Every structure is written in C-alpha cells, then in structure tokens.
Amino acid sequence: SFTHAQTFEWVNIVSLNIQWNPSYLHSPVTVDNSGNPVCARLVNYREAYGQTYYGDIKIEKRNPAGLLLSEISIIGKADVSELIVDGEDNVICIGTYRDSLVIGTTTLIQSDPNQNSFILKTDNSGNFLWVKDGTEFAPEFGIVTALVLKTSNNFLVGVTNWSTNANIYELGTDGNVVSTI
C-alpha cells in the first residue's frame, strides 16, 4: 500500500556518471508494514550488459522523514529487479549478477557465461539472512524472473532456464522450496 506516499517531504538524489540510456537502471521501491520506504539502488556503475546496468547495490530502508534505518551492500556486478517485504518486515529481493557477488560474508560465483540470478533475504534491520543462487532451481542457466508475496511470510518466485522450461516455486522463510506450481 502506498498510503504514506503523500506524507513524504524529502528526496534523496545520488549522482552516477552513466552515459547510456537511463531506462536501463533499475531502482525498485516498496514500503514495509510501518510505512518505511525500502529501495535497492545502484551505488556505482561497473558494466552495461544487454539493457541492464550492473554495479554495487545498496538496499536501504528509510523512515518517512528520510532518515536511514538500515542498509545492506551487494558488492560486484549486480542488478536488483524486484523487492518485497514480508509480514515480519524482512526484505526479499531478486536480481542478476555477473562475475562474483559478495553479500555479507557470502560469495556467489558466476557459473553462466552471461549472468546468474539470486534471491536475497535480510531481516527488518537490514541484517543478512540468506542468499540463494538461481541455479539451485534450474541448474542450466536458471534465472529468477518474478517475485510475489504469497502469505505473510512465504513467497513465490518464477524461474526460467532460457529455453522452454519455466517453473513457479513457493519458498518458505528459510528460502527452501515448499511447493512447485
């Protein structure tokens, strides 16, 4: 719900030096259960691949006055395409990466020659909980392409393997598969 959008009285602008099409930049935003905006934003540009900018990402939660409540960094050539908040205000996001990716103390290594995808979950204070590589769901070039909250804590992810195969998985709070649809 965006019922709190009318009360925002601030704008946070971060300048990036990018000479390409600005529509390639993804900055998904959602609102937690207390009305705090949560945003995934590109911190620095490292590479353009296809129609996506890759670089270090910060996932930030701010209060309605714009003060930073929490943040977590994703280091590497990353892009976050979607994010949601569950019933406990945990943040879940999906995205893609190239090369290697460091989140907290976890490193993901690219296995696909083009890009891999990831699912990341943090707690409501921005602390790293877990990350899953898309290849866990589709070993041959698995890309997570959709993210939807199903219940207050379970969520659905759509995964394709770049061919005709696509599946929808319900994941539980630990990121493990509850069911396949």
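Residues numbered from 1 in each chain as written. Predicted model: local features only at pLDDT ≥ 70, side-chain atom pairs only at ≥ 80, totals over all residues. Heavy atoms only, no water.

1. Looking at the overall build of the protein
Heads up, the rule is: Under the scheme used here, helices are H or I runs from DSSP no shorter than 4 residues and strands are E runs no shorter than 2 residues, and both carry numbers assigned from the N terminus. Three exposure classes are used, based on accessible area relative to the maximum for each residue type with a 1.4 Å probe and protein chains only: buried under 20%, partly exposed in between, and exposed over 50%. Exposure was quantified through the Shrake-Rupley algorithm and a 1.4 Å probe, taking into account, for residues, occlusion by the shown protein chains and nothing else.
Within the protein, the secondary structure is distributed over zero helices and twelve strands. Going from N to C terminus, the protein has its helices and strands arranged as β-β-β-β-β-β-β-β-β-β-β-β. Taking all 181 residues of the protein together, the buried fraction comes to 49%. Split by element, the accessible area of the protein, about 9000 Å² in all, is 51% carbon and sulfur.

2. A word on the pattern of salt bridges
Put simply, the rule is: Within this document, salt bridges are pairs made up of a side-chain nitrogen of Lys or Arg and a carboxyl oxygen of Asp or Glu, the two lying within 4 Å of each other.
According to the stated counting rule, one finds eleven salt bridges in the structure shown. Arg62 serves as the salt-bridge partner of Glu60, at 3.4 Å between the closest nitrogen and oxygen. Owing to a relative accessible area of 14%, Arg62 belongs among the buried residues under this scheme. The partner of Lys132 in a salt bridge is Glu136, with the nearest N and O atoms 3.9 Å apart. One continuous salt-bridge network, built from bridges that share partners, spans Glu47, Lys77, Arg98 and Asp99.

3. As for the nonpolar core
Note the following rule: What is meant by a nonpolar core is a set of buried Ala, Val, Leu, Ile, Met, Phe, Trp, Tyr and Cys residues, joined one to another through side-chain atoms within 4.5 Å. Contacts: residue pairs with any heavy atoms within 4.5 Å of one another.
The biggest cluster of nonpolar side chains holds 21 residues, and the ones touching the most others in it are Ile57, Ile59, Ile74, Leu101, Phe118 and Leu120. When contributions to this core are tallied by element, the ones reaching two or more residues are strand 2 (37-49), strand 3 (52-62), strand 4 (68-85), strand 5 (91-103) and strand 7 (116-122). Tallying contributions element by element places strand 4 first for this core, with six residues. If we skip the residues at most four places from it in the chain, Leu120 touches Ile59, Ile74, Val91, Ile92, Cys93, Ile103, Phe128, Trp130 and Val131. Grouped together as the second largest cluster of nonpolar side chains are 14 residues, Trp130, Phe137, Phe155 and Val157 included.

4. Considering the packing of aromatic side chains
Rules: Two rings from Phe, Tyr or Trp (for Trp, the six-membered ring) form a pair when their centres are within 6.5 Å of each other. A pair whose planes differ by under 30 degrees is stacked, one over 60 is edge-to-face, and the rest are tilted.
Using the criterion set out here, one finds three aromatic pairs in the structure. Measuring from ring centre to ring centre gives 5.5 Å for Tyr45 and Tyr53, while their planes differ by 90°; the resulting arrangement is edge-to-face. Judged by relative accessible area, which is 3%, Tyr53 ranks as buried. Measuring from ring centre to ring centre gives 6.3 Å for Tyr97 and Phe118, while their planes differ by 50°; the resulting arrangement is tilted. Residue Tyr97 is found in strand 5, and its partner Phe118 is found in strand 7; the two are separated by 21 residues along the sequence.

5. Thoughts on the pairing of strand 12 (residues 177-180)
Stated formally: Between any two strands, pairing holds if DSSP finds at least two bridges.
In this sheet, strand 12 lies alongside strand 11 (residues 166-171) in antiparallel orientation, the contact comprising three bridges. Of the residues in strand 12, the one forming a bridge with Leu171 is Val177. As consecutive antiparallel partners, strand 11 and strand 12 are separated by five residues, and within that stretch Gly175 has a phi angle of approximately 85°, a positive value.

6. Quick look at the pairing of strand 8 (residues 128-133)
Looking at chain direction, strand 7 and strand 8 are connected through five bridges and run antiparallel. Bridge pairing in strand 8 links Thr122 to Phe128. Hairpin geometry of strand 7 and strand 8 is characterised by an intervening segment of five residues between the two adjacent antiparallel strands and by a positive phi of about 85° at Gly126.

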